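Residue-level structural notes
This is what each chain is made of:
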Amino acid sequence: MSKKENNSNHSNNDFVEEKEYSTLNLGPTHPATHGIFQNILKMDGEIIHEAEPTVGYIHRAFEKLSERRPYNQIRPITDRLNYCSSPINNMGWDMTVEKLIACKVPKRVDYMRVIIMELARIADHLICNSVIGVDTGAMTGFLYIFQWREKIYEIYESICGARLTTNIGRIGGFEKEWSKETWDRINHFVENYPKALKEFANLLERNKIFMDRTINCGPISAEMALSYSFTGPNLRAAGVDYDVRVMNPYSSYQDFIFDVPIGQSGDTYDRFMVRQHEMWNSLEIIRQAIKNMPKDEPIKADVPDFFLPPKEEVYNNMEALIYHFKIIMGEMDVPKGEVYHCVEGGNGELGFYLVSDGGRTPFRLHYRRPCFIYYQAYPEMVKGIMLSDAIITMSSMNVIAGELDA
Amino acid sequence: MELLEKVKIAITAKFPEAIEKSELSYDFPVFYIKKEEIHQVLEFLKQDPELNFHFLTDLTGIQSEDEKQLGVIYHLHNMLLNTRIRVKTYFDINKPEIPTATDLWPAANWMERETYDFFGVRFKGHPKLKRILNVDEMDIFPLRKEFPLEDQTRDDKDDKMFGR
């Protein structure tokens, strides 16, 4: 940290206060920013006068890559957007393609997707909220609650074999029926997680130090948030009840009863509390999904063009072999057209704008990444606040580098 | 379909020449607007109390299939009525200039920078139009179709079977 002395020369007659700002590089890698972000801060002592974010440090050209990949092979790319809740991205992509090919999936698939997406939302919010704790100096909550993220990852693992970059699900459904072990793990999670979350809430929610630290820290008004196209928990914390799950229900979300928590002032504390409540809501949704899960329905839609046939059929049946070959080589028939599909991701409206020219790969695929859009309000939000407050403002906004830079 | 007609009538009443084409694409009404009037139309869509498309969901670029035109696509959302529309405008690739939307939505700032970065669309009136995700020294616009994904000068990747 470099700090220049303020040596303004002034005479008694015309007193002109000349301020000299010092420049501070926060990032590109910095232990407090949880990802690769650079912020060039103009500091007036401890107060931020101006911030200039630089993004793009982990840009991987996803949109260009997607233009060369068959539809089935784009799902692994979406893993790497918001890697704290990759199943939501995977399923968002699958649903986009399903919309394009007008494929109707069974209710059972919808409900299974809802379970996984809500587990992913819990994992996402869990990381964000416990990291707000760490940045305010409360390490305990983070260390304590993190084993529950591990349990969620074990559930992913028992379904698809991967933990972080899941590539879970297929276009039209799931690759296979969930095992008994998976259901046991989910039931165990739903039963035992509330106790841990309650304890985590007790640690922070009404903690005087935490409240003093976060209330009125990095606030944003509803009007400002809307003009900056905020979505997700950050917008709801500012007091706008916009949730894609309610406004444009996808994957049978209209069957579930849950409420949309909103905040008032859009400060760090409100963002924290909105996420806290959403975790309870997600649990409630999972309970409803398990309870009302349709029985005796297949776990995939009837889309042989996209869904790999079972192996024993591939080896014994000509048609299955052809489909298998076509899918692996990426020679699926898709109609011409363009669709926009959005899902409520961990940190906002995650949209896929897909233009197909009928070829084997998308003609153009654009990811609407919520982080990228709302992070541009960051300089405005941290103007005039202390450096340490800027750090927790950033972590409470839940900016994920993978999604930011795509 | 109702929404498509409603918005179409509203725009045509104010700007009789602006709409080149309109269609319903899946669940989205799509409007192709002339480049000259795009800013006025967007402003009208945002400020008209009836339509009230106050939320800019997305802004991105596209290249037309014949590769001679560039396009900019706006996804607008009216959260009160929960209606969404898509507005498109196409222009010549050799003169990629279009008025900025940052004065209407501050959120357009980075999205326009991204579009400039990848397609080379110059947004007139943008406060700071420079590259955002790619390095500043880059001299191509990578999402244009004239730039293939892999470096064509490489000879260590000779994969005739799959047409690389």
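This one's a predicted model, so the numbers in the text were calculated from it and none came from an experiment.

Here the focus is the overall build of chain B. From N to C terminus, chain B includes three helices and seven strands. What you see in chain B, going N to C, is helices and strands ordered as α-β-β-α-β-β-β-β-α-β. Summarising its shape, the C-alpha atoms of chain B cover approximately 60 × 35 × 30 Å along the three principal directions. Per-residue burial over chain B gives 35% buried out of 164 residues. Across chain B, the fraction of contacts at a sequence separation of at least 24, relative to all contacts at a separation of at least 6, is 46%.

It is worth spelling out the sheet that holds strand β3 (residues 55-63) of chain B at this point. Residues and elements named next belong to chain B. Here five strands make up an open sheet; going across it, the order is β1-β2-β5-β4-β3 and the pairing mixed. Each edge of the open sheet is held by one strand with a lone partner, namely β1 (19-25) and β3. Taking each pair of neighbouring strands and ignoring which way they run, the sheet shows an average axis angle of 20°. In the sheet, strand β4 (residues 69-78) pairs with strand β5 (residues 83-92) via 10 bridges, with the strands oriented antiparallel. If you follow Gly71 over to β5, its bridge partner there is Tyr90. Along the sheet face, helix α1 (residues 2-14) touches β1, β2 (28-33) and β5 and points at about 170° away from the line of β1.

Glancing now at helix α5 (residues 139-160) of chain A. Residues and elements named next belong to chain A. Its 22 residues place the ends of α5 32 Å apart at the C-alpha level, agreeing with the 32 Å of an ideal helix rising 1.5 Å per residue. Of all the bends found along α5, the most pronounced is centred on Ile145 and spans about 25°. Within α5, burial applies to Gly141, Ile145, Ile152, Ile155, Tyr156 and Ile159. For α5, the elements touching its buried residues are α3 (86-100), α4 (107-135) and α6 (180-204).

Residues and elements named next belong to chain A. Note that Asp135 resides in helix α4. Look at Asp135 and you get buried, because 22 C-beta atoms sit within 10 Å. With 163 residues separating them along the chain, Asp135 and Pro298 place their C-alpha atoms 46 Å apart. Ignoring sequence-local partners within four residues, the contact set of Asp135 consists of Ala32, Ile391, Ile392 and Ser395.

Each side of the interface is counted separately: chain A has 30 residues, and chain B has 27 residues. Taken together, the elements giving at least two residues each to the side of chain A that touches chain B come down to α1 (62-66), α8 (222-227), β4 (337-345), β5 (348-356), β6 (364-368) and α14 (370-374) of chain A. If you tally residues by element for the side of chain A that touches chain B, the top one is β4(A), at four residues. Its residues placed into classes, the side of chain A that touches chain B shows 13 nonpolar, eight polar and nine charged.

All names here are of chain A. Spatial ordering of the open sheet is given by β4-β5-β6, a layout of three strands whose pairing is antiparallel. Looking at the sheet topology across the chains shown, the edges are occupied by β4 and β6. If you compare each strand with its neighbour and ignore which way they point, the axes differ by 10° on average. Relative to β6, β5 runs antiparallel, the two being bridged by five bridges. When the sheet's bridge partners are listed, Val355 is paired in β6 with Arg364. In the packing of α3 onto the sheet, the strands contacted are β4 and β5, and the crossing angle to β4 comes to about 150°.

This part covers the domain arrangement of chain A. How big an interface is tends to be reported as the loss of accessible area on association of its parts. Domain assignment breaks chain A into domain 1 (62-101 + 104-302 + 335-405) and domain 2 (304-328). Once you take the C-alpha centre of each, domain 1 of chain A and domain 2 of chain A turn out to be 33 Å apart.

Moving on: unusual backbone geometry. For A:Ser229, which is not glycine, the phi torsion reads 55° and is therefore positive. Although it is not a glycine, B:Tyr26 sits at a positive phi angle of roughly 55°. The class for B:Tyr26 is partly exposed, based on 13 C-beta atoms found within 10 Å.

So, about the nonpolar core. Residue and element names in this part refer to chain A. Among the nonpolar cores identified, the biggest contains 145 residues, and Ile115 and Leu119 are the most heavily contacted of them. Counting residues per element, this core draws most heavily on α4, at 15 residues. When residues are assigned to domains, this core turns out to be shared by domain 1 (62-101 + 104-302 + 335-405) and domain 2 (304-328), each giving three or more.

Our focus in this paragraph is the pairing of strand β3 (residues 47-54) of chain A. All names here are of chain A. Relative to β3, strand β2 (residues 38-44) runs antiparallel, the two being bridged by seven bridges. By the bridge assignment for β3, Lys42 is matched with Glu50. Hairpin remark: β2 followed by β3, antiparallel, with two residues in the connecting loop; positive phi at Gly45, about 65°.

Reading the values: the criteria
- Residues numbered from 1 in each chain as written.
- Chains lettered and ligands numbered in written order.
- Predicted model: local features only at pLDDT ≥ 70, side-chain atom pairs only at ≥ 80, totals over all residues.
- Helix = DSSP H or I, 4+ residues; strand = E, 2+ residues; numbered from the N terminus.
- Buried ≥ 20, exposed ≤ 12 C-beta atoms within 10 Å, placed from the backbone.
- Contact = placed C-beta atoms within 7 Å.
- Pairing = 2+ DSSP bridges.
- Axes fitted to C-alpha atoms, helices over the stretch in contact; angles between N-to-C directions.
- Expected span 1.5 Å × (residues − 1).
- Bend = angle between axes of the 7 residues up to and from the residue.
- Nonpolar A, V, L, I, M, F, W, Y, C, P; charged D, E, K, R; others polar.
- Domains from an automatic or database assignment.
- Core = buried A, V, L, I, M, F, W, Y, C linked by C-beta atoms within 7 Å.

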